[in-house]
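Each chain is listed here by its residues.
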Amino acid sequence: MKRMWSSLVSFVAVMLGAGAAFAQEAGGGIARGGDGGFIAIAVAVGIGIAAFGGAFGQSRAAAAALEGISRNPNASDKVFVPMILGLAFIESLVLFTWVLMLLMLLKL
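What you see is a predicted model; the values in this text were computed from it and never measured. (Residues numbered from 1 in each chain as written. Predicted model: local features only at pLDDT ≥ 70, side-chain atom pairs only at ≥ 80, totals over all residues. Heavy atoms only, no water.)

Visitor: Would you mind going over the overall build of the protein with me for this structure?
Guide: Counting secondary structure elements, the protein contains three helices and zero strands. Counted from the first residue to the last, the protein has its helices and strands arranged as α-α-α. The proportion of buried residues among the 108 residues of the protein is 12%. By element, 72% of the accessible surface of the protein is carried by carbon and sulfur atoms, the whole surface being about 8500 Å². (Helix = DSSP H or I, 4+ residues; strand = E, 2+ residues; numbered from the N terminus. Buried < 20%, exposed > 50% of the residue type's maximum accessible area, 1.4 Å probe, protein only. Areas by Shrake-Rupley, 256 points an atom, 1.4 Å probe, with all protein chains shown as cover.)

Here it is, written out as structure tokens:
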């Protein structure tokens, strides 16, 4: 376990240091500025975290609803609609994050 953590820390240190090693002198960037690479990395990490969080939240909500239905099958009508509504809200948060990250990437 200790070896895994040290490998992870080493990987993160190398990845963070690579940007400074391959840095351009002046000018470069995605849209209008010089920090385009860092914005692109932030967008990728943000979308990844949102997708992971949304998938984790949806799986937990579906598991809890199915467990409730399996314990009391007569309550399936009362559990199903709030579960679908909750899944839609979770998915909307992921889509809002995607839109915000796209706007951040385009710098609007």
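Visitor: What is the right way to look at the pattern of salt bridges in this model?
Guide: Working definition: two side chains of opposite charge can pair if their charged atoms are close together. For the structure shown, the criterion picks out one salt bridge. With a shortest N-O distance of 3.2 Å, R71 and E67 are connected by a salt bridge. Residue R71 and its partner E67 are located together in helix α2 (residues 36–71), separated by four residues, close to a single helical turn. Judged by relative accessible area, which is 42%, E67 ranks as partly exposed. (Salt bridge = Lys/Arg side-chain N within 4 Å of Asp/Glu carboxyl O.)

Visitor: I tried to follow helix α3 (residues 76–106) on my own but got confused; where do I start?
Guide: The periodicity of an α-helix, 3.6 residues per turn, causes residues three or four positions apart to be oriented the same way. Its 31 residues place the ends of α3 45 Å apart at the C-alpha level, agreeing with the 45 Å of an ideal helix rising 1.5 Å per residue. For α3, the complete set of buried residues consists of M83, L87, V94 and M101. Immediately downstream of α3, the backbone of K107 shows phi near 55 degrees, a positive value. (Expected span 1.5 Å × (residues − 1).)

Visitor: Can you help me understand the environment of G54 in this one?
Guide: Relative to the assigned elements, G54 resides in helix α2. Taking the C-alpha atoms as reference points, G54 and S92, 38 residues apart in sequence, are found 9.2 Å from one another. Every residue in contact with G54, bar those within four places of it in the chain, is listed here: I90 and V94. (Contact = heavy atoms within 4.5 Å.)

Visitor: How should the packing of aromatic side chains be read in this particular structure?
Guide: For any pair of aromatic rings, the description rests on two quantities: the centre-to-centre distance and the angle between the ring planes. Evaluation of the coordinates by the stated rule reveals one aromatic pair. Ring geometry for F52 versus F56: centroids 6.2 Å apart, planes at 15 degrees, classification stacked. Note that F52 and F56 are positioned in helix α2 at a spacing of four residues, about one turn of the helix. Residue F52 is classed as exposed on the basis of its relative accessible area of 61%. For F56, a relative accessible area of 47% translates into the label partly exposed. (Phe/Tyr/Trp six-rings, centres within 6.5 Å; stacked < 30°, edge-to-face > 60°.)

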